[in-house]
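Listed below, chain by chain, are the residues.
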Amino acid sequence: MAVVGGGLVGSAIAWGLARAGQRAVVLDEGDVALRASRGNFALIWVQGKGLGMSAYARWSLRSADLWREFADELTGQTRLDVRHERRGGFHLTLSEREWKHRDVLLKRVAAQPAMPPIPFELMDRPSLARMLPEIGPEVTGGSFCAADGHCNSLQLFRALNQGMQVLGSAYLSNHRVDRIEHRRGEFLLETKDGPVVAGKIVLAAGIGNARLGPMVGLHIPVRPQRGQIIVTERTQPFLRYPVSTVRQTDEGGVLLGDSQEEAGEAVVSNPVIAVLADRAVRMFPRLGRLNVVRTWAALRVMTRDGFPIYDESTSAPGAFVATCHSGVTLAASHAFVLAPLIADGRLPPDTFQPFSADRFDVPKAA
Ligand SMILES: Cc1cc2nc3c(=O)[nH]c(=O)nc-3n(C[C@H](O)[C@H](O)[C@H](O)COP(=O)(O)OP(=O)(O)OC[C@H]3O[C@@H](n4cnc5c(N)ncnc54)[C@H](O)[C@@H]3O)c2cc1C
């Protein structure tokens, strides 16, 4: 089995395949690649997800529920602590208009048919201040969800890479796949170091999936969406819970984020950074006294509706695709649920049909 792409999605699947007894080789473009997996905010997030697709809310909650066991197993295997915490998480609003918008969004998500019970609550300012005593005077309210959490996602990335190799899978860096052919039931993957032959493949190449998919009959319409993040110097612990745009890491630094821009270049732009910083300081005034040590931009892997794509090719059976924009949150589901199913060679339609890219093939109105 070959997994194309060694970001968080490919690594979680390769680890899960190896754990299910199916050794894999991961072919990865390497450090020159544009990787969302190195530039994310590390939230394991459920609240607000799934408007328009309750199956996505179920899939996200399932993953968040599996994360403790997932983190413990990775640590047991690699001795790397991925610093998983699940005390719940907040979304804060800075005006009445934002608060109303949040209220409407969460209620619309919850009112959909077949929604799982997501433990969220809308909070006014006094109740918020009891849990987050350092909020600034402009915070009008927010929402809290006990199912949310966070981790150290770079450590997660490292643990998955190390763990998959402990379990017998191989990771080949600088192995960009340029072409894939499906011949007599096998896949021939061309890399600059020569071909690799595999009985099954998983396309997990992030944005690169859009180009690779058609080679095996898969339509994978993903585009880059830029997100920018600010990191402050380390400071004493003051934020017990992650907030959707402000998160104190286990090392003490505070991440402020993150933007959503329709742009294909991973470059930082000052106007966006200024807005992120301004909002964060209004949420927690003490942040205004900290030095910024780093800023970065990274590219999300985004579909038109924002939901993942999981599919198997009908013209080239044995070719699977997995792509999503919340690869940290979904890492546990990818490893524990999706990977064993791929190893068995079948994605059950009751769980996976909603995630097929067929949903984008809507005939144009006459
Ligand atoms: C700013 C920002 C904040 C985010 N915050 C969160 C968050 O809080 N929580 C959350 O759950 N998610 C978050 N995400 C999303 C998360 O980071 C991504 O969902 C995840 O990293 C996607 O992983 P991936 O493996 O699909 O893609 P990538 O990380 O882009 O990796 C793709 C890999 O494929 C390889 N590749 C590409 N083409 C080829 C080829 N032809 N041959 C071989 N290899 C190839 C590349 O080398 C790369 O390693 C965030 C993303 C961004 C940008």
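Remember, predicted model here, so these are calculated numbers, not experimental data. (Residues numbered from 1 in each chain as written. Predicted model: local features only at pLDDT ≥ 70, side-chain atom pairs only at ≥ 80, totals over all residues. Heavy atoms only, no water.)

A separate point is the overall build of the chain. Each helix and strand counted, the chain has nine helices and 18 strands in total. The C-alpha radius of gyration of the chain comes to 21 Å, within 12% of the 21 Å expected for a compact globule of 366 residues. With the C-alpha coordinates of the chain rotated into their principal frame, the extents come out at 65 × 50 × 40 Å. Looking at the chain residue by residue over its 366 residues, the buried ones come to 54%. Taking contacts inside the chain between residues at least 6 apart in sequence as the whole, the part at least 24 apart equals 74%. For the chain, the accessible area works out to roughly 16000 Å², and carbon and sulfur atoms hold 51% of it. Distance from the positive charge centre (42 side chains) to the negative charge centre (37 side chains) of the chain: 2 Å. (Helix = DSSP H or I, 4+ residues; strand = E, 2+ residues; numbered from the N terminus. Rg over C-alpha atoms; globule rule 2.2 N^0.38 Å. Buried < 20%, exposed > 50% of the residue type's maximum accessible area, 1.4 Å probe, protein only. Contact = heavy atoms within 4.5 Å. Areas by Shrake-Rupley, 256 points an atom, 1.4 Å probe, with all protein chains shown as cover. Lys, Arg positive; Asp, Glu negative; His and termini not counted. Charge placed at Lys NZ, Arg CZ, Asp CG, Glu CD.)

Membership of the largest hydrophobic core comes to 59 residues, with the highest contact counts inside it found for W67, F70, L156 and Y310. Mapped onto this core, the elements with two or more residues apiece are helix 1 (8-19), helix 2 (54-78), helix 5 (153-166), strand 18 (319-323) and helix 8 (331-344). In terms of residue count, the dominant contributor to this core is helix 2 (11 residues). For F70, the contacting residues outside a window of four places in its chain are W15, L156, L160, A331, A332, A335 and F336. (Core = buried A, V, L, I, M, F, W, Y, C linked by side-chain atoms within 4.5 Å.)

Moving on, we get to the packing of helix 2 against helix 8. Between helix 2 and helix 8, whose axes approach to 7 Å, the crossing angle comes to 85°. Taken together, the axes of helix 2 and helix 8 lie roughly perpendicular to each other. Residues W59, R62, S63, L66, W67, E69, F70 and E73 of helix 2 form the contact with helix 8, whose participating residues are A331, A332, S333, H334, A335, F336, V337 and L338. (Axes fitted to C-alpha atoms, helices over the stretch in contact; angles between N-to-C directions. Parallel < 35°, antiparallel > 145°, perpendicular 65-115°, else oblique.)

Turning our attention to the layout of surface pockets. Its boundaries defined by the atoms lining it, the second largest pocket holds a volume of some 390 Å³. Along the walls of the second largest pocket sit 22 residues, with L154, T249, E251, L255 and R294 positioned nearest its centre. Those elements giving two or more residues to the lining of the second largest pocket turn out to be helix 5, strand 13 (223-232) and strand 16 (292-302). Of the residues assigned to the lining of the second largest pocket, the class counts are seven nonpolar, eight polar and seven charged. (1 Å grid on protein atoms, 1.4 Å probe; cavity = no way out; pocket = protein on both sides within 12 Å on 5 of 7 lines; lining within 4 Å. Points joined across faces, edges and corners; volume = space filled by probe spheres on them. Nonpolar A, V, L, I, M, F, W, Y, C, P; charged D, E, K, R; others polar.)

The next subject is the environment of A129. Of note, A129 is situated in helix 4 (residues 125-131). Along the backbone, A129 and G88 are 41 residues apart, and their C-alpha atoms lie at a distance of 15 Å.

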